[in-house]
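Coordinate analysis (summary)
Take a look at the letters that make up each chain.
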Amino acid sequence: MSHTPHELAEEFPDKVELMSQLKQSDAHFARLADEYHEVNRVVHRAETNVEPMEELAEVDLRKKRAALKDEIWAILSNT
């Protein structure tokens, strides 16, 4: 398991198998998951000062991550 907080497998541990299936069968879901993963990595690197950024930019990325997570959850909860 990754050491990066907020990974989808940690956020939705009971949906890991479903997420894996959807990544292979649903291009939209796969794109959302990939985008979430990328944004999450950038946020984590900013939070740990590996790649610091302005606070406003970091806040915007956190909001984007939350919106992606909400969209992913909507798909998972309706499947």
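Look above for the structure.
What this report covers is the structure whose coordinates are included nearby. For clarity, every value in this text was computed on a predicted model and none was experimentally measured. (Residues numbered from 1 in each chain as written. Predicted model: local features only at pLDDT ≥ 70, side-chain atom pairs only at ≥ 80, totals over all residues. Heavy atoms only, no water.)

Quick notes on the overall build of the protein chain
Rule in force here: Numbering of helices and strands runs from the N terminus, with a helix taken as a DSSP run of H or I at least four residues long and a strand as a DSSP run of E at least two residues long. Burial classes follow relative accessibility: with a 1.4 Å probe on protein chains only, a residue under 20% of its type's maximum area counts as buried, one over 50% as exposed, and anything between as partly exposed. Throughout, a contact is declared for two residues whenever any of their heavy atoms are within 4.5 Å. Areas reported here follow the Shrake-Rupley algorithm with a probe of radius 1.4 Å; residue values treat only the protein chains shown as occluding. Residues scored as positive are Lys and Arg, those scored as negative are Asp and Glu, and His as well as the terminal groups of each chain are ignored. Lysine's charge is taken at NZ, arginine's at CZ, aspartate's at CG and glutamate's at CD.
Within the protein chain, the regular secondary structure consists of four helices and zero strands. In the protein chain, the order of α-helices and β-strands from amino to carboxyl end is α-α-α-α. With the C-alpha coordinates of the protein chain rotated into their principal frame, the extents come out at 40 × 25 × 15 Å. Per-residue burial for the protein chain yields a buried fraction of 32% across its 79 residues. Sequence-distant contacts, at least 24 apart, represent 66% of the contacts inside the protein chain between residues at least 6 apart. Element-wise, carbon and sulfur atoms account for 51% of the exposed surface of the protein chain, whose accessible area totals about 5200 Å². Within the protein chain, one finds 10 positive and 17 negative side-chain charges whose respective centroids are separated by 0 Å.

Details of the packing of helix α3 (residues 27-47) against helix α4 (residues 55-77)
For clarity, the threshold we go by: Fitted lines through C-alpha atoms serve as axes, helices being fitted only where they are in contact, and the angles separating the N-to-C directions of these axes extend from 0 to 180 degrees. Angles are sorted into four bins: roughly parallel if under 35 degrees, roughly antiparallel if over 145, roughly perpendicular if 65 to 115, and oblique for all others. Put simply, a crossing is left-handed when the front helix is turned counterclockwise from the back one by less than a right angle, and right-handed when it is turned clockwise.
It is the contact of α3 with α4, at a shortest axis distance of 9 Å, that shows an interaxial angle of 150°. In terms of their interaxial angle, α3 and α4 are classed as roughly antiparallel. For the element pair α3 and α4, the recorded crossing hand is left-handed. In this structure, α3 uses H28, F29, L32, A33, E35, Y36, V39, N40, V42, V43, A46 and E47 to contact α4, whose residues at the interface are E58, L61, R62, K64, R65, L68, K69, E71, I72, I75 and L76.

With respect to the environment of N40
Short version of the rule: As used in this structure description, the phrase polar contact means that two N or O atoms lie within 3.5 Å; if the pair is within protein, one of them must be able to donate a hydrogen and the other to accept it, and residues adjacent in sequence are counted only when both atoms belong to side chains.
Mapped onto the secondary structure, N40 falls in helix α3. Given the relative accessible area of 0%, N40 is considered buried. Here N40 is in contact with T4, P5, H6, E7 and R65, once residues within four sequence places are set aside. Engagement of the side chain of N40 in a polar contact is seen with the backbone oxygen of P5, the distance being 3.0 Å.

A closer look at helix α2 (residues 16-25)
Note the following rule: This arc corresponds to the set of directions leading from the helix axis out to the C-beta atoms.
All buried positions along α2 are accounted for by L18, M19 and L22. Buried positions in α2, seen along its axis, are confined to an arc of 100° and lie on one side of it. What points out from α2, more than 90 degrees from its buried face, is the exposed set E17 and Q24. Looking at the buried positions of α2, the neighbouring elements they touch are α1 (8-11), α3 and α4.

Remarks on the side chain of E58
Of note, E58 is situated in helix α4. E58 gets classed as buried once you look at its relative accessible area, which sits at 11%. Residue contacts for E58: discarding those within four places in its chain leaves A46, E47 and M53.

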